[in-house]
Amino acid sequence: MRIEVGPGIFLWVIVALYAAAGALYSVSVPLFEAPDEAYHYPVIWNIARSGSLPTLHPGIPTLWEQEASQPPLYYGIASLLTGWINTDDLSEVRQLNPFRKIGLINQPDNKNMVIHSPLERWPWKGTVLAVHLARLLNVTMGAAVITGAGFFAKELAPTNRWAAPLAAALLSFNPMFLLVTGAVNNDGLVSALSAWALVFGARALRRGFSGGTVVGLALCAGLAPAAKASGLIILGVALAAGALHSVQNRSWRAGLLTACGVLGVWIVSTGWWYLRNMQLYGEPLATSAHIAVIGARTNPIDWLLEARNVWVTYWGLFGQANVLGPAYLYPAAGLLGAGGLVGLVGWLRRRLVEHDPMAISVAGIAVLQFILAVAAVGLWTSQTYGSHGRLLYPAATAISGLMAVGLLAWLPERAHGLLTASISVLMLATALTTLFMHILPTYKPPAVIPAVPDGEQKIRATADQALEIVAIQADTGIPEDGQGPNVTVYLRAIRPLASGGTLLITAVAGDAVVGSLRTYPGGGLLPTDHMEPGVIYTDHYKVPLKPGALQPIALEIRVGWLDETNRTIRLERFVTDQQASVEALVLDLTGEAR
C-alpha cells in the first residue's frame with residue numbers, strides 16, 4: 001500500500017523534526033558555547049535572584065557585560081521559568097576560559113568560552129538545570145518561528161501547496177538557526193514575534209483587517225521591541241501593512257486601528273524601559289553604552305567582506321565565531337540563495353503580468369522587512385564589530401518564504417514535492433553532520449593514551465614533582481599554511497593538581513621570540529585540577545606567529561610551565577640518571593630535545 005504525505009502533513013513533520021533537532025542541539029552543545037550565551041544567562045539569573053534588571057558598566061567587567069542593554073521580555077519569561085532553582089553554583093559552572101580565542105577560526109586550541117566540568121553532566125541541577133530549561137524555552141520559540149514561516153508562505157503563494165513546508169525546512173535545518181534557538185538568548189523570542197506579526201500582516205492584506213487579525217498583529221508587532229531592539233523593524237512593517245491596505249481600499253479605518261493597536265502595545269510593553277534607559281544612559285536604546293562595553297569600530301569597513309561574513313554566519317559559524325561547519329555547507333547555501341533569488345524575480349514578474357496585487361503586496365512587506373533588517377545590520381556594523389547573520393533571524397520568516405517560492409518557481413508543480421523532500425533530507429543530514437562532526441568534537445578533551453608513540457622525543461621532566469612532561473614533538477620549520485609550527489606535548493599528572501597551571505610554548509628564531517602560546521592543558525579543555533593522575537594526555541597546538549615571522553625560517557621551540565600565580569616553575573629534567581633544573585624544555589633546530 002502506497003502512503004502519500006501531502007504538503008499540509010509534511011509541514012507538521014518539518015516542525016516536529018525541527019523540535020527534535022533543536023532539542024538535540026540544546027542538550028548536546030556544552031553550556032555557554034553558543035554566541036554570547038555566557039552573558040545572556042546572567043541577565044536571567046540576576047532577575048530571578050534580585051527581581052531587577054542589571055545595568056551596563058563600561059570598563060568594569062560584569063557577568064552580563066553588554067547584554068544588560070537588551071529589552072527585558074525574554075529574560076523575564078525565562079526567569080519565571082527558572083526562578084525556583086537554586087543557582088548559587090553559577091560561579092562554578094560559568095568559569096570563563098582566560099585564554100579563549102574568539103573569532104579565530106584557524107587556531108585549533110582554546111575555542112571554548114568556559115571551562116567545562118562534570119557539573120554539566122546528567123542529572124542536571126542548579127545552574128546547569130536552569131540554563132537547559134532556558135534553552136528548551138528557546139526551542140519552543142524556534143518551533144513558533146518555523147510554523148510562522150510555513151503559514152507566511154501559504155499567504156505569499158496560496159496556490160503553491162509546497163511553499164509552506166519548503167519555507168519551514170529552509171529554516172528548520174539551518175545549522176546556525178538550530179544552534180541559536182537551542183541556546184540562551186533573546187533571538188528566539190524576537191524572531192517568533194516577528195514571524196507571526198508577518199503572518200498576521202500578510203493575512204490582513206489578503207483577507208482584510210478583521211478583529212482577530214488586528215489583535216494578533218498588534219500583540220506580535222507591539223511586543224517584538226520588548227524582546228530585542230531589532231523588533232522595531234517588524235513594528236514598522238506592521239504599520240506599513242496597515243497603510244498599504246488603507247491606500248488599496250481607500251479607507252483609513254483599518255490602518256488607523258492597526259496603528260493604534262500596534263503603537264499602544266509597544267508603548268505599554270516597552271515605554272517604561274526606554275524611560276529607564278534615558279535616566280541611566282541618556283538614550284532610549286542604550287546603544288552607545290552597549291558599544292562602549294564591546295568596543296567601537298576603529299578600522300575602515302570592507303562592505304563586501306562584511307556582507308560575506310553575514311551570509312556565512314547566517315548559515316553557520318559556531319561557538320564563539322571560531323568553529324566552521326562542513327566545507328560544502330557554504331557553497332550549497334550560496335546555491336540555494338542564488339536559485340531562490342533568481343526564481344523569485346521570475347515569480348514576481350509573473351504575478352505582475354497576471355495582475356495579482358495581493359501577492360505583490362504580501363511579497364512587498366516581506367521584502368521591506370528584509371531590506372530594513374539588512375540596513376539595521378549595516379548600521380550596527382558601521383558602529384562596532386557585529387556583522388553576524390543571526391541578526392537577520394527576525395526576518396528569517398520573510399527570507400525563507402521568499403526563497404521557497406523562488407526555488408519552486410524553477411520546476412513544474414508535479415516536481416515540487418520531490419524538491420521539498422530532497423532539500424529537507426539533505427539539510428537535516430547537514431545539520432546533524434555539523435553537530436556531531438564539527439561542533440561537538442571542538443569541545444572534546446584531549447585523548448588519553450597508554451604510552452607515547454614511537455618516534456616522539458621522550459623526556460622525563462617534572463614541575464613541582466606534580467606534573468610530568470613525558471614527550472614533545474614539534475615542527476622546526478613553518479608549515480605551508482603559514483599559521484605557525486605544530487607542537488605536540490604529552491602530559492601526565494603525578495598526583496592530583498590544583499587549578500591554574502598553564503603551558504607556555506614559545507617559538508624562537510635566532511634571539512627573537514617570534515610566537516608564543518599560553519594555555520591550560522588540552523587546548524583550554526583540561527585544566528590541571530581535571531587531570532587524572534597516572535594517565536598520559538596528548539596535547540596538540542599550532543603556535544601563532546608574529547606577522548613578520550611568516551617566512552621559511554627554522555625555529556627553536558621552548559615548552560615551559562607556569563603556576564596559577566603566573567610564576568615560572570623550573571622543570572627538573574632527568575637525562576641518563578643526571579638531573580638538571582631548566583626554565584623550559586627546548587627543541588633545537590635539529591629536532592633534538594634539551
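Since the model is a prediction, treat every value here as computed from it, not as a measurement.

Caption draft 1: Summary view of the nonpolar core. Counting 132 residues, the largest nonpolar core has Tyr 41, Tyr 74 and Leu 170 as the members making the most contacts within it. Ranked by residue count, the leading element in this core is helix H5 (residues 126–156), at 16 residues. In contact with Tyr 41, not counting residues within four places along its chain, are Phe 32, Thr 87, Leu 90, Thr 127, Ala 130, Val 131 and Val 184. Counting residues in each nonpolar core, the second largest holds 34 residues, with Ala 466, Ile 472, Leu 497 and Ile 505 among its members.

Caption draft 2: Main features of the side chain of Thr 62. Tracing the backbone shows Thr 62 in the loop between helix H2 (37–50) and helix H3 (73–82). Residue Thr 62 is classed as buried on the basis of its relative accessible area of 18%. At 2.8 Å, the side chain of Thr 62 and the backbone nitrogen of Glu 65 are in polar contact.

Caption draft 3: Seen up close, the packing of helix H1 (residues 7–28) against helix H6 (residues 163–172). The interhelical angle for the contact between H1 and H6, taken along N-to-C directions, is 15°, at an axis separation of 8 Å. Compared by their axis directions, H1 and H6 come out roughly parallel. H1 and H6 meet at a crossing whose hand is left-handed. Facing H1, whose interface residues are Pro 7, Phe 10, Leu 11, Ile 14 and Tyr 18, H6 presents Ala 164, Pro 165, Ala 168, Ala 169 and Ser 172. Class assignment for the residues of the contact of H1 with H6 results in nine nonpolar, one polar and no charged.

Caption draft 4: Expanded view of the environment of Leu 372. With respect to the secondary-structure elements, Leu 372 resides in helix H15 (residues 357–383). Taking relative accessible area as the criterion, Leu 372 reaches 33% and is therefore assigned partly exposed. Remark: the alpha-carbon pair of Leu 372 and Leu 545, spanning 173 residues in sequence, is separated by 41 Å.

Caption draft 5: Spatial organisation of a nonpolar patch on the surface. Side chains of Leu 341, Val 342, Val 345, Trp 410 and Leu 411 sit close together on the surface and give an oily, nonpolar patch of about 510 Å² of accessible area. Along the polypeptide, Leu 341 turns up in helix H14 (residues 329–353).

The rules behind each value
- Residues numbered from 1 in each chain as written.
- Predicted model: local features only at pLDDT ≥ 70, side-chain atom pairs only at ≥ 80, totals over all residues.
- Heavy atoms only, no water.
- Core = buried A, V, L, I, M, F, W, Y, C linked by side-chain atoms within 4.5 Å.
- Buried < 20%, exposed > 50% of the residue type's maximum accessible area, 1.4 Å probe, protein only.
- Helix = DSSP H or I, 4+ residues; strand = E, 2+ residues; numbered from the N terminus.
- Contact = heavy atoms within 4.5 Å.
- Polar contact = N/O pair within 3.5 Å; in protein donor to acceptor, adjacent residues only side chain to side chain.
- Axes fitted to C-alpha atoms, helices over the stretch in contact; angles between N-to-C directions.
- Parallel < 35°, antiparallel > 145°, perpendicular 65-115°, else oblique.
- Left-handed = near helix turned anticlockwise from the far one by under 90°.
- Nonpolar A, V, L, I, M, F, W, Y, C, P; charged D, E, K, R; others polar.
- Patch = residues over 30% accessible without salt bridge, like charges linked within 9 Å, V, L, I, M, F, W, Y side chains within 5 Å.
- Areas by Shrake-Rupley, 256 points an atom, 1.4 Å probe, with all protein chains shown as cover.
- Salt bridge = Lys/Arg side-chain N within 4 Å of Asp/Glu carboxyl O.

From the geometry alone we can't say anything about function, so treat these as descriptive.
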